[in-house]
Amino acid sequence: MIERVKSIAIVVLVLNTILLLYFYWSNPAADVKQALSALSAETPPPVAVRDILRPERITLNFGGENYTVFDADAGIWESVGKSPAGFIEEMRDMASGESMALGVISRRDYGEVMKARSIQADFAFSIPFSEYCAEYGLTQLGRTGGIDSFTTVAYSTASPESFFVCDKLSGKYYRLSTSRARNSGLEALISRAEGLNNASYYPLRTYAGIDNDVMLPLDMKIVLPETSYRDYAVGYAGTRDGDLTTDMARAYFGESFDFTRKLTEADGSIVYMYRYGEKVLSMRDGVFEYNATADAYGSGGFFQDLRIALDFLARCGAPWRGDGAAADRNGIYLKAAGPNPDNGAYRFLFGLTRDGWRVSYENSEPFLVEVRGQRATYARLDLILCSPSPPKPLKDAAAPFDVLVANYAYIFDDLAKNGPLRQEADISTLDPFTAVMERTRDVRAGYLRPDDGSSGELAAVWVFDIDGLPYYFNLYSGEIATRAR
């Protein structure tokens, strides 16, 4: 009898092992870590603020109009591992123990001082200055007062005892001066960056003869490997019911999930509703949308609301982290932030990265979360998963200025139809070439997710921000990647 019980127990254990292995290997939407998290019903830790709140670009001037541009992951902004101190650590060291004097300067004065050997870090949106200083330990800088928000921090050897803080969106420029120069670390940082193998950049005014300081690489060897993607919902095996919306509804509604109703709309949308619409989660064509009523109003501040948004996203169970260290190298970054003018909620827009390159969506965005009254009240998620790509040798990309020259007429016509140019009193008086060059705000390489289905290939592109509208061109041929608007 005992031997029979042992035999039955062994059979049960073997069957359980087979079932667990089948579960892990048959779930294409989740790695082992995600599966374990689902089994234990534990919410994964949220992405750290420092991993997603980074400058959009870091521009270094080595003197004589000799520039280069780094992204925030290059160890220039913040030290990585055992690498030397980055810009923010050197700022903290220079300001430590010093009394700071605040002065207002003009945009022109700022431009002049940045013509010397200098470094500047630009964010894409305004950040409350005192909150940022408190978050990053820049205590002495935060005590100066008088600066509401910023988009840019900079240092120049032309004024070695100073920092420069700007809110370029509102046109405000400040100089923060210490009592004495303590600049050896920052000058060493510029010299270290000068020794790195990075492409040479020049202001657009150098190429086009117009007043525009947007940086363009002269030429660049680059490779963005071909990468396939699919919507997060496609092929999702689920954790309990094999249904992604059910799994997400359980996470969002918590204990109240048993009191929700599941509805299927005529257009194919699946909707979960708690009570009379206090919480609603819907899914259609791989896009999830969440709405909840607010128990209170107001904001707890930029960083508190940002953490609430990140906690909310963590409950989605998606396999990404802020540093892009997930199994398939998906990462996120904070793309935009600010109050929603319609309801006062703090709105956070998150972008997606692939192997460190930003992924643009043709007619959508990866993540949007609004926080009001210390809770997430609205979210929209359009997540994709990317397949691993083998490394390939570098090759020459199309020169971005040549791309602009070849396509300025097309861009001008599109701006006149869809952009702010359509509000001009007499467009016929504008020179198309000059108008496009003056309105170019940003140029960068990255990926494009075309709006053509739930799966496909990410395209390697040059992305031009011109008058607030995105334009995409093939990274290597310079041909128009999409005409959709």
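Calculation notes
- Residues numbered from 1 in each chain as written.
- Predicted model: local features only at pLDDT ≥ 70, side-chain atom pairs only at ≥ 80, totals over all residues.
- Heavy atoms only, no water.
- Helix = DSSP H or I, 4+ residues; strand = E, 2+ residues; numbered from the N terminus.
- Salt bridge = Lys/Arg side-chain N within 4 Å of Asp/Glu carboxyl O.
- Buried < 20%, exposed > 50% of the residue type's maximum accessible area, 1.4 Å probe, protein only.
- Core = buried A, V, L, I, M, F, W, Y, C linked by side-chain atoms within 4.5 Å.
- pLDDT = per-residue confidence, 0-100.
- Contact = heavy atoms within 4.5 Å.
- Polar contact = N/O pair within 3.5 Å; in protein donor to acceptor, adjacent residues only side chain to side chain.
- Phe/Tyr/Trp six-rings, centres within 6.5 Å; stacked < 30°, edge-to-face > 60°.
- Lys NZ or Arg CZ within 6 Å of the ring centre and 35° of its normal.

This brings us to unusual backbone geometry. Of note, the phi angle at Glu65 is positive, near 60°, even though the residue is not glycine. The phi dihedral of Gln374 falls on the positive side, at around 60°, and the residue is not glycine. When you line up the elements, Gln374 lands in the loop between strand E19 (367–372) and strand E20 (375–381).

This model, assessed by the stated rule, comprises 22 salt bridges. When the shortest N-O distance is used, the salt bridge between Arg449 and Asp231 registers 3.0 Å. Remark: Asp231 occurs in strand E11 (residues 227–231) and Arg449 occurs in strand E23 (residues 440–449); sequence separation between them is 218 residues. You can call Arg449 buried: its relative accessible area is 8%. The residue Lys335 makes a salt bridge to Glu365 at a minimum N-O spacing of 3.1 Å. Residue Lys335 is found in strand E16 (residues 330–339), and its partner Glu365 is found in the loop between strand E18 (357–361) and E19; the two are separated by 30 residues along the sequence. Relative accessible area serves as the criterion here: at 27%, Glu365 is assigned to the partly exposed category.

This part covers the nonpolar core. Core analysis: the largest hydrophobic core is formed by 114 residues, its most contacted members being Leu53, Tyr132, Phe302 and Phe350. Per-element accounting of this core gives the leading share, eight residues, to helix H11 (residues 302–314). Grouped together as the second largest cluster of nonpolar side chains are seven residues, Tyr110, Val113, Phe164 and Tyr173 included.

Moving on to the confidence of the model for the protein chain. Low-pLDDT stretches of the model should not have their predicted coordinates read in fine detail. For the protein chain, the mean per-residue pLDDT works out to 81, and 80% of the residues sit at or above 70. For the stretch residues 237–241, pLDDT sits under 50, and the model shows 14 contacts to residues farther than four places along the chain or on other chains.

Relative to the helices and strands, Lys221 is located in strand E10 (residues 221–222). For Lys221 and Ala398, which are 177 residues apart along the polypeptide, the C-alpha to C-alpha distance reads 9.3 Å. Lys221 has contacts with Leu394, Lys395 and Asp396, leaving out every residue within four places of it along the chain. Looking at Lys221, its side chain comes within polar contact range of the side chain of Asp396, at 2.9 Å.

Here we come to the environment of Trp77. Tracing the chain through its elements places Trp77 in the loop between strand E2 (67–70) and helix H4 (87–95). Sequence separation between Trp77 and Ile119 is 42 residues; the distance between their C-alpha atoms is 10.0 Å. In this structure, Trp77 is in contact with Pro55, Ile58, Ala72, Gly86, Phe87, Ile88, Glu89, Ala121, Phe123, Tyr132 and Val153, ignoring residues within four places of it in sequence.

Tallying each qualifying case throughout the model produces 19 aromatic pairs. Pairing Tyr132 with Phe150 gives two aromatic rings, centres 5.1 Å apart and planes at 75°, and the pair type is edge-to-face. Placement of the pair is Tyr132 in helix H6 (residues 129–135) and Phe150 in strand E5 (residues 149–156), with a sequence separation of 18 residues. Overall, Phe150 belongs to the buried group, its relative accessible area being 1%. Arranged with centres 5.1 Å apart and planes meeting at 45°, the rings of Tyr290 and Phe312 form a pair that is tilted. Remark: Phe312 occurs in helix H11 and Tyr290 occurs in strand E15 (residues 287–292); sequence separation between them is 22 residues. Grouping residues by exposure puts Tyr290 and Phe312 together as buried. Through successive ring pairs, a cluster of aromatic residues spans Trp77, Phe87, Phe123, Phe129, Tyr132, Tyr136, Phe150, Phe302, Phe303, Tyr346 and Phe348. The ring of Tyr333 is capped by Arg358, whose NZ or CZ atom sits 4.0 Å from the centre of that ring. Cation over ring: Lys395 sits above Tyr476, and NZ or CZ is 4.1 Å from the ring centre.

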